[in-house]
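# Structural overview
Residues per chain, in single letters:
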Amino acid sequence: MLTRRRGYLQLRTEPVAVASQQLQTLGYTVIEGVLNAREIAALTREVEAVYAASPRDGRHAQRPPEEDEDFRYEMLNRSALCQEIVGTRAILDVIEPLLGEDCHIIANTCWRNPPRQNNTHGGGAWHIDAGPHIPRPADVPWDARIPYPVFAIGAHIYLKDCPLACGPTGVIPRSHTSGQKPPDERVWDVGLTCNGEGVVPLTARAGDVAMFVSDVWHRRLPPQAGDTGRLFLQAHYGRRDIAQRIRSTATVNHLSVEAVERAATPRQRTLVGLHGNFFYDG
């Protein structure tokens, strides 16, 4: 566990929440009842108002329009209540011991998935959110004396119940310590395992918050009969050193107009910070 003192990350000696320990060791945790019924209703109203007032963002050129409609990005810019909720201490108290007290939000997207049996997006295949941040050969075990470092954490703030029928996020415990991405040939295999561990569905009730480390193997599990859709506010938190992706770099960057014009090749563009949308921002 970490703390930031005099500008530097140091090992934390103070006790931390059980949920923080679960994130570090298992790669996921679920906090129950973070929002009450009044807060859920108010946040749902603001979220639905954003969908009604703002057209789809169109950040993924290959995504079908009907699925692109599921998402609204940079929610903290569009809703004061979204900004308030993603900063609640119930969340920060869990993630700050892993990321530092100066961690920041790197993405903030709302997901409103209607009942739909076939999804080309929606996180439906096994993946990790960027990374792995410490890649290494599969046959090289991590030294258990060193707590596995965490660089980014995703949080799903549920605004409606998400039982197994609705296709909750599934995670494979401890896979974040593997130094590997899920194998390409098994990204659609619900029975995928990592070091003998299989999938754990992060089922939740409205008001719960599910969190997972960016490097943990995860996916949306297939919806089943009785699916009523999903609605949750997603926030990704990263160490101070991790760049924000709340908006695309084409929209928000540190460059002059002249510098942008001089970046003619794909590598010149990425070198100066103009990256295509992918993890977090697309």
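Residues numbered from 1 in each chain as written. Predicted model: local features only at pLDDT ≥ 70, side-chain atom pairs only at ≥ 80, totals over all residues. Heavy atoms only, no water.

## Details of unusual backbone geometry
- Of the consecutive residues Gly131 and Pro132, the connecting peptide bond is found in the cis state with omega at -5°.
- Here Pro132 is to be found in the loop between strand S5 (104-113) and strand S6 (152-158).
- Despite not being glycine, Asn195 has its phi angle at roughly 50°, a positive value.
- Relative to the elements of secondary structure, Asn195 occurs in the loop between strand S7 (169-171) and strand S8 (200-201).
- Among the residues examined, Asn195 registers a relative accessible area of 70% and is labelled exposed.
- Phi is positive for Tyr280, close to 80°, though the residue is something other than glycine.
- With respect to the secondary-structure elements, Tyr280 resides in the segment after helix H8 (266-271). (Helix = DSSP H or I, 4+ residues; strand = E, 2+ residues; numbered from the N terminus. Buried < 20%, exposed > 50% of the residue type's maximum accessible area, 1.4 Å probe, protein only.)

## Re helix H2 (residues 37-53)
- Taking 1.5 Å of rise per residue, the 17 residues of H2 would be expected to cover 24 Å, and the 24 Å separating its terminal C-alpha atoms lies within 8% of that figure.
- Taken together, the buried positions of H2 are Ile40, Ala42, Leu43, Val47, Val50 and Tyr51.
- Buried-residue contacts for H2 involve strand S4 (71-72), helix H4 (75-78), helix H5 (80-85), S5 and strand S11 (230-238).
- Where H2 begins, one side-chain oxygen reaches toward the backbone nitrogen of Arg38, 3.1 Å away; that side chain belongs to Asn36. (Expected span 1.5 Å × (residues − 1). Contact = heavy atoms within 4.5 Å. Polar contact = N/O pair within 3.5 Å; in protein donor to acceptor, adjacent residues only side chain to side chain.)

## What about the sheet that holds strand S9 (residues 209-213)?
- Strand order in the open sheet made by the six strands is S3-S9-S6-S11-S5-S4, with antiparallel pairing throughout. The sheet terminates laterally at strand S3 (28-31) and S4, the two strands that pair on one side only.
- Sheet topology places S6 next to S11; seven bridges connect them, and they run antiparallel. The residue bridging Tyr158 from the neighbouring strand is Phe232, located in S11.
- On top of the sheet, H2 reaches S4, S5 and S11; it is set at about 80° to S5, its chief contact. (Pairing = 2+ DSSP bridges. Axes fitted to C-alpha atoms, helices over the stretch in contact; angles between N-to-C directions.)

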